[in-house]
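Each chain is listed here by its residues.
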Amino acid sequence: MMPILYDANETAFTHNGFGILNNATRCTITREINGIYDLEMDYPLRGIHAEDIQERRIIRAWPDPYSTPQPFRIVRVKKSHTSGKMTAWAQHVAFDTEGIPVGTFTGTNARNSITAMRQAILTDVDYQVSTTISSTAQMVQKTPKSMLRSIIGSEGSFVDTYGGEGEMDGMEIRIVPRLGTVTDVRIMHGRNLTYLDEEIATDKLYSAVAPYWHDDETGLTIQPLGYVVPIPGVSGLERVLPL
């Protein structure tokens, strides 16, 4: 299950591309629901196909033992001639849809909104979007957005309107009610929990806020003199945030 390197315009993945990256010393995939889906790989500078690991090319790798291999587009490469290795960072190719514009559209239910979204795409695309959700609600995209933001963005997106979780699979984004399955597996210390790290950081912790209001047009600022609102549950710290 070693990662495989492909050219930037590959979409079929029916062959081994530039070749298998046998010398990878680390290949980690991080995924968040409706969020990041990233790959990070360490590779020796003298390793096989090392010279072919370049920005925009695609690394196809297995995110877990149970899923099909997924394509990740290289967005950054850092080479250290001191250590003799490089690190490549990549995003799932579905994040290419961040650069695909979608015009305004209106949908009356989940599947109708997906159809309207596809019809409103302003460029030619290789990516598909589909859903198994059947919710009824009106989705109105009032201004052009990227395809990705239209699907899993924040306010007004498909996920914001109908709910669901995005499954990025190859050249397709599927919106399903819920990813994964419910099992009877238990995580237990000493059995399948190998380590547990805890980190506490207070560099961005505040004990209170000092509210104010500002009008950019007139330059008027209203700030109640001496008015500070404490944040419940924070003690032993005196740090106020103007807000």
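All chains use their own residue numbering, which begins from 1 and follows the written sequence. For a predicted model such as this one, the threshold for reporting local features is a pLDDT of at least 70, and the threshold for listing and counting side-chain atom pairs is 80 or more; totals across whole chains, interfaces and linings nevertheless cover every residue. As a convention, hydrogens and water are excluded, and side-chain values are obtained from all of the structure's heavy atoms.

1. Considering the environment of P44
Every helix listed is a DSSP run of H or I at least four residues long, and every strand listed is a run of E at least two residues long, numbered separately from the N terminus. Its location among the elements puts P44 in strand β4 (residues 37-44). Taking the C-alpha atoms as reference points, P44 and T87, 43 residues apart in sequence, are found 8.8 Å from one another. In what follows, residue pairs with any heavy atoms lying within 4.5 Å of each other are defined as contacts. The contact partners of P44, leaving out residues within four places of it in the chain, are N23, T25, A50, G84 and K85.

2. Concerning the sheet that holds β4
Here, a strand pair is defined by DSSP locating no fewer than two bridges between the strands. Spatially, β2-β1-β5-β6-β7-β4-β3 is the arrangement adopted by the seven strands of the open sheet, whose pairing is antiparallel. The open sheet has two free edges, formed respectively by β2 (19-20) and β3 (26-31), since each of these has just one partner strand. Taken together, the three bridges between strand β1 (residues 4-6) and strand β5 (residues 58-61) define a ladder with antiparallel strand orientation. The residue bridging I4 from the neighbouring strand is R60, located in β5.

3. A short note on the side chain of H92
Among the structural elements, H92 can be located in strand β7 (residues 85-92). Polar side-chain contacts of H92 include one of 2.9 Å to the side chain of Q70. Not counting residues within four places of it along the chain, the set of residues in contact with H92 comprises Y37, Q70, P71, F72, M168, D169 and G170. Side-chain atoms alone can form a polar contact between residues adjacent in sequence; in general such a contact is a pair of N or O atoms within 3.5 Å, and within protein one must be able to donate a hydrogen while the other accepts it.

4. Observations regarding the nonpolar core
By size, the foremost hydrophobic cluster in this structure holds 48 residues, and its most contacted members are M41, I53 and F158. Excluding anything up to four places from it in sequence, F158 contacts A110, S113, I114, M117, T131, I133, M139, S150, I151, G163 and I175. Here, the term nonpolar core denotes a set of buried Ala, Val, Leu, Ile, Met, Phe, Trp, Tyr and Cys residues that are joined through side-chain atoms within 4.5 Å. Three labels apply to residues, based on accessible area from a 1.4 Å probe with only protein chains included: buried if under 20% of the type maximum, exposed if over 50%, partly exposed otherwise in between.

5. Quick look at the packing of aromatic side chains
In this description, a pair of aromatic rings is defined by centroid distance and the angle of the planes. Pairing of aromatic rings covers Phe, Tyr and the six-membered ring of Trp, with a centre-to-centre limit of 6.5 Å; geometry is then stacked below 30 degrees between planes, edge-to-face above 60, and tilted otherwise. In total, this model carries three aromatic pairs according to the counting rule given. Between Y6 and F13, the ring centres sit 5.0 Å apart and the planes meet at 85°, which makes this aromatic pair edge-to-face. Summarising the burial analysis for this pair, Y6 and F13 share the class buried. Ring centres 4.9 Å apart and planes at 50° place the aromatic pair F158 and Y162 in the tilted group. Of this pair, F158 and Y162 both sit in helix α3 (residues 158-162), separated by four residues, roughly a single helical turn. With respect to burial, F158 and Y162 carry one shared label: buried.

6. A short note on a nonpolar patch on the surface
Taken together, W213, L220 and I222 make up a surface patch of nonpolar side chains, about 300 Å² in accessible area. Positionally, L220 belongs in the loop between β16 (213-214) and β17 (221-222). Its relative accessible area of 44% is what places L220 among the partly exposed residues. Each patch is assembled from residues with relative accessible area greater than 30% and no salt bridge, linking like charges that lie within 9 Å and nonpolar side chains (Val, Leu, Ile, Met, Phe, Trp, Tyr) that lie within 5 Å. Only the protein chains shown count as cover for residues, and the accessible areas themselves come from Shrake-Rupley with a 1.4 Å probe. Salt bridges are defined as contacts in which a side-chain nitrogen from Lys or Arg sits within 4 Å of a carboxyl oxygen from Asp or Glu.

7. Re the confidence of the model for the protein chain
Think of pLDDT as the predictor's per-residue confidence, scored from 0 to 100. Averaged over the protein chain, the pLDDT score is 91; the fraction of residues at 70 or greater is 100%. Ranking the elements of the protein chain by mean pLDDT puts β17 last, at 84, and β5 first, at 98.

8. Observations regarding the sheet that holds strand β14 (residues 172-176)
Pairing is mixed in the open sheet, where three strands are placed in the order β10-β14-β13. Bordering the open sheet on either side are β10 (128-131) and β13 (165-169), each of which pairs with just one other strand. Taken over all neighbouring pairs, the strand axes of this sheet differ in orientation by 20° on average, direction set aside. Across five bridges, β13 lies against β14 in antiparallel orientation. Looking across to β14, one finds that M168 is bridged to I173. To obtain an axis, a line is fitted to C-alpha atoms, over the contacting stretch when the element is a helix, and the angle between two such axes runs from 0 to 180 degrees between their N-to-C directions.

9. Observations concerning unusual backbone geometry
Negative phi is the rule for most residues except glycine; trans is the rule for most peptide bonds. Notably, N34 is not glycine yet its phi reads approximately 55°, a positive angle. Looking at where N34 falls in the secondary structure, it is placed in the loop between β3 and β4. Positive phi is not limited to glycine here, since R56 has a value of about 80°. One can find R56 in the loop between β4 and β5. R56 sits in the partly exposed class, given a relative accessible area of 48%.

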